[in-house]
Amino acid sequence: MAETEAHTLEDLRDAMGGDAPVEAAIVYEKKVDEQGRAYATGKRKNAVARVWIKPGNGLITVNGRDQLQFFARPVLRMLLQQPLEAANRKDQYDVVCTVKGGGLSGQAGAVRHGISKALTYFEPELRGVLKQGGFLTRDSRVVERKKYGKRKARRSYQFSKR
């Protein structure tokens, strides 16, 4: 066994006895625009958020209003902070976003998804932390459509015996 140990990828390919291509690890690059901002799109239910982040002091603006005005419930504001807290970047970035469609909880989820993606574009080394926390995965759950012969998606009309 000692004489067949592989120390490099080239040795491993030779040991396998083939001309299989050696794949390099995927390296993510920083993606910023001319103004030094990273842009990403976040989605949740029917809401779509366009998010720009840039170095700053932690100000989050949603549709031209402060996050405290736009998302009145503390739970929704907590959703926005989750990716920044997971990456230990809470007061280091200013976030500007526009969000359309859906309700408030869907919009908060869309902004959270967008912030997470934009963080990975600005600092690619944060990808592992955010992916482990589940922030980069788009939540694909949407409202089930109404079926014919039913009152809602699954609810039937009330049965009357007489």
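Residues numbered from 1 in each chain as written. Predicted model: local features only at pLDDT ≥ 70, side-chain atom pairs only at ≥ 80, totals over all residues. Heavy atoms only, no water.

Just checking my understanding: could you explain the sheet that holds strand β3 (residues 60-62) for this structure?
What holds strands together in a sheet is hydrogen bonding between their backbones, with the strands either parallel or antiparallel. Taken together, the five strands give an open sheet; going across it, the order is β1-β2-β5-β3-β4, and neighbouring strands pair in mixed fashion. Edge positions in the sheet fall to β1 (38-44) and β4 (65-66), since each has one partner strand and no second. Here β1 runs beside strand β2 (residues 47-55); their pairing, made up of seven bridges, is antiparallel. Residue pairing across strands places A38 opposite I53, the latter belonging to β2. With respect to the sheet, helix α4 (residues 104-122) is in contact with β1, β2 and β5 (93-100), its orientation differing from that of β1 by roughly 145 degrees. (Pairing = 2+ DSSP bridges. Helix = DSSP H or I, 4+ residues; strand = E, 2+ residues; numbered from the N terminus. Contact = heavy atoms within 4.5 Å. Axes fitted to C-alpha atoms, helices over the stretch in contact; angles between N-to-C directions.)

Sorry if this is basic, but what is going on with the side chain of R44 here?
Along the chain, the position of R44 falls in strand β1. By relative accessible area, which is 17% here, R44 ends up buried. Discounting chain neighbours no more than four positions away, the residues touching R44 are G106, G109, A110, R138, D139 and R141. (Buried < 20%, exposed > 50% of the residue type's maximum accessible area, 1.4 Å probe, protein only.)

Mind showing me how you'd approach the side chain of Q81 here?
Mapped onto the secondary structure, Q81 falls in helix α3 (residues 74-86). Accessibility expressed as a relative area gives 12% for Q81, which makes it buried. If sequence neighbours within four positions are ignored, Q81 has contacts with I60, Q67 and K90.

What's the story with the packing of aromatic side chains in this structure? I'm lost.
Any aromatic ring pair is given by two values, namely how distant the centres are and how the planes are angled relative to each other. Within the structure shown, the criterion is met by three aromatic pairs. Ring geometry for Y39 against W52: centres 5.1 Å apart, planes inclined by 45 degrees, an arrangement best described as tilted. Pair noted here: Y39 is in strand β1 and W52 is in strand β2, with a separation of 13 residues, a long-range link. Each ring, one from Y93 and one from F122, has its centre 5.2 Å from the other, and the planes form 75 degrees; the classification is edge-to-face. A residue pair is termed long-range when its members are at least 10 positions apart, and Y93 in strand β5 and F122 in helix α4 qualify at 29 residues. Just above the ring of F122 sits the side chain of K30; from NZ or CZ to the centre is 4.6 Å. The ring of Y28 has R127 lying over it, and the distance from NZ or CZ to the ring centre is 4.5 Å. (Phe/Tyr/Trp six-rings, centres within 6.5 Å; stacked < 30°, edge-to-face > 60°. Lys NZ or Arg CZ within 6 Å of the ring centre and 35° of its normal.)

Looking at this structure, how should I read the pairing of β5?
On a regular strand, each side chain points to the face opposite its neighbour's, so the side chains alternate between the two faces of the sheet. As defined by bridge partners, β2 adjoins β5 across eight bridges and the pair is classed as antiparallel. In the sheet register, P55 faces β5, and the bridge partner there is Y93. Strand direction decides the pairing type here: β3 and β5, joined by three bridges, are parallel. Looking at the pairing, T61 lines up with V96 of β5.

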